[in-house]
Amino acid sequence: MGNHLDRITHLSYSELPTGDPSGLEKEELRVGVAYFFSDEEEEVDIIFVDDAGGGGGGHTKDSSQEVSELEYSAFCSQECIFSKLRENQDLNVYSAKTLLSMCKPGDLVELVSTSQAPHWAVYELNDQVIHLHEGEIRKDSLTEIGRGRHGRIVNSRYRFRPLPSDLVLQNAAGHLGLHSGDICWTSSENFAAWCRFGKREFKAGGEAHSAEQRYFLKVHLGAGTRSGHAHTLVFRSLEDMIRERRRVDASGILKELSLGVNGGKE
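Rules of the game
Residues numbered from 1 in each chain as written. Predicted model: local features only at pLDDT ≥ 70, side-chain atom pairs only at ≥ 80, totals over all residues. Heavy atoms only, no water. Phe/Tyr/Trp six-rings, centres within 6.5 Å; stacked < 30°, edge-to-face > 60°. Buried < 20%, exposed > 50% of the residue type's maximum accessible area, 1.4 Å probe, protein only. Lys NZ or Arg CZ within 6 Å of the ring centre and 35° of its normal. Axes fitted to C-alpha atoms, helices over the stretch in contact; angles between N-to-C directions. Helix = DSSP H or I, 4+ residues; strand = E, 2+ residues; numbered from the N terminus. Parallel < 35°, antiparallel > 145°, perpendicular 65-115°, else oblique. Left-handed = near helix turned anticlockwise from the far one by under 90°. Contact = heavy atoms within 4.5 Å. Nonpolar A, V, L, I, M, F, W, Y, C, P; charged D, E, K, R; others polar. Pairing = 2+ DSSP bridges. pLDDT = per-residue confidence, 0-100. Arc of directions from axis to C-beta. Polar contact = N/O pair within 3.5 Å; in protein donor to acceptor, adjacent residues only side chain to side chain.

## Re the packing of aromatic side chains
- Taken as a whole, this structure holds 10 aromatic pairs when the rule is applied.
- Ring geometry for Tyr158 against Phe160: centres 6.1 Å apart, planes inclined by 10°, an arrangement best described as stacked.
- A relative accessible area of 16% places Phe160 in the buried class.
- Here Trp185 and Phe191 contribute two aromatic rings whose centre-to-centre distance is 5.0 Å and whose plane-to-plane angle is 75°, an arrangement assigned as edge-to-face.
- Looking at Phe191, the relative accessible area reads 1%, which means it is buried.
- Among the aromatic residues, ring-to-ring pairing joins Phe82, Trp120, Tyr158, Phe160, Phe197 and Phe202 into one connected group.
- Between Lys199 and the ring centre of Phe160, over which it is positioned, the NZ or CZ distance is 4.9 Å.

Now the structure itself:
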């Protein structure tokens with residue numbers, strides 16, 4: 001844990017956005033980041049197991065489940081472009097069977113599991129999803145890849161204007177069968193989000209770096225409590241920001257900071 005914290009540098013940014021998508025202002029600790037992500041994206045494994053076998057905590061009920069996870073909001077300049085806050089979103093997760101009854105063509109689906117980065121996919125029709133997995137754009141059954149884990153629909157996670165559902169599906173299906181050498185997305189999330197929003201910033205190297213443009217990721221610690229604080233991380237591109245957020249989700253590096261904010265109580 002200490003090695004990771006040593007690489008966090010305290011910086012001061014006059015342009016750092018203070019607006020919160022919930023409309024509430026909270027006292028925060030501002031932290032700059034000196035790029036401590038890995039060059040290789042750790043993509044989650046698709047787990048093909050029986051529901052009783054577990055792999056996502058052993059939940060087998062069709063009712064929603066509340067999971068303990070970090071909450072985020074992200075800004076480009078002063079504009080909020082990403083929000084994952086329980087106070088204004090339903091962050092509950094559902095079994096694959098229940099999730100299937102909720103999905104519509106073109107929806108973005110997020111599958112979550114303990115100590116792994118979330119896996120994203122584009123829902124097509126009749127239980128089929130298109131997703132990036134192990135260096136390949138492929139089509140699989142949602143109920144098959146969802147066994148042993150829970151999921152949710154995340155269409156509103158990014159604040160960009162979505163494409164019509166038929167174009168979302170066209171983007172996804174048009175890349176089926178591509179393998180590592182031809183793929184320009186570094187994670188399942190980047191691919192699924194690109195399909196829905198069509199923004200080149202989701203592609204690897206798709207964004208021109210400039211000194212003026214910065215991305216700010218606010219990691220909300222103790223969110224939903226009176227002692228809630230936030231750490232702000234700074235990135236040069238949307239791709240970098242997504243990579244680091246997914247790494248934090250998978251590794252839980254900020255868990256110690258969260259416990260410190262909440263007085264050591266979970």
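## Concerning unusual backbone geometry
- Of note in the backbone geometry, Asp127 takes a positive phi value of approximately 75° without being a glycine.
- Owing to a relative accessible area of 16%, Asp127 belongs among the buried residues under this scheme.

## Digging into the packing of helix α4 (residues 165-173) against helix α5 (residues 188-197)
- Relative to each other, α4 and α5 sit at 140°, their axes nearing to 7 Å. Taken together, α4 and α5 sit at an angle that is classed as oblique. By crossing handedness, the relation of α4 to α5 is classed as right-handed. Two secondary-structure elements touch here, α4 through Leu167, Val168, Asn171 and Ala172 and α5 through Phe191, Trp194, Cys195 and Arg196.
- Taken together, the residues that form the contact of α4 with α5 break down as 6 nonpolar, 1 polar and 1 charged.

## What about the sheet that holds strand β6 (residues 108-112)?
- If you trace the 5 strands from one edge of the open sheet to the other, you get β9-β8-β7-β6-β10, paired in antiparallel fashion. With partners counted over all chains shown, the strands left at the sheet margins are β9 (136-141) and β10 (150-153), one partner each. Neighbour to neighbour, the strand axes of the sheet diverge by 30° on average, direction disregarded.
- Sheet topology note: the β6/β10 ladder contains 4 bridges and is antiparallel. Looking at the pairing, Leu111 lines up with Gly151 of β10.
- Taken strand by strand, α5 contacts β6, β7 (119-123), β8 (128-133) and β9, and its axis lies near 30° from that of β7.

## Considerations on the confidence of the model for the protein
- The predicted model of the protein averages 75 in pLDDT, with 67% of residues at 70 or higher.
- Taken together, the stretch residues 1-61 has pLDDT below 50 and engages in 139 contacts with residues farther than four places along the chain or on a different chain.

## Brief notes about α4
- Every buried residue of α4 is accounted for by Val168, Leu169, Asn171 and Ala172. Taken end-on, α4 shows its buried residues confined to a sector of 155°, consistent with a single buried face. Summarising the geometry of α4, the exposed residues directed more than 90 degrees from the buried face are Asp166 and Gln170.
- Residues of α4 that are buried make contact with β7, β8, β9 and α5.

## As for the packing of α5 against helix α6 (residues 238-251)
- Between α5 and α6, the shortest axis-to-axis distance is 10 Å and the interhelical angle comes to 135°. As the angle between them shows, α5 and α6 are arranged oblique. With respect to the hand of their crossing, α5 and α6 are arranged in right-handed fashion. On α6, the residues touching Ser188, Glu189 and Asn190 of α5 are Glu239, Ile242, Arg245 and Arg246.

## Remarks on the environment of Asp240
- If you trace the backbone, Asp240 turns up in helix α6.
- According to the relative accessible area criterion, Asp240 is buried, its value standing at 10%.
- C-alpha of Asp240 to C-alpha of Gly205: the two residues are 35 residues apart in sequence and 9.8 Å apart in space.
- Engagement of the side chain of Asp240 in a polar contact is seen with the side chain of Arg243, the distance being 3.3 Å.

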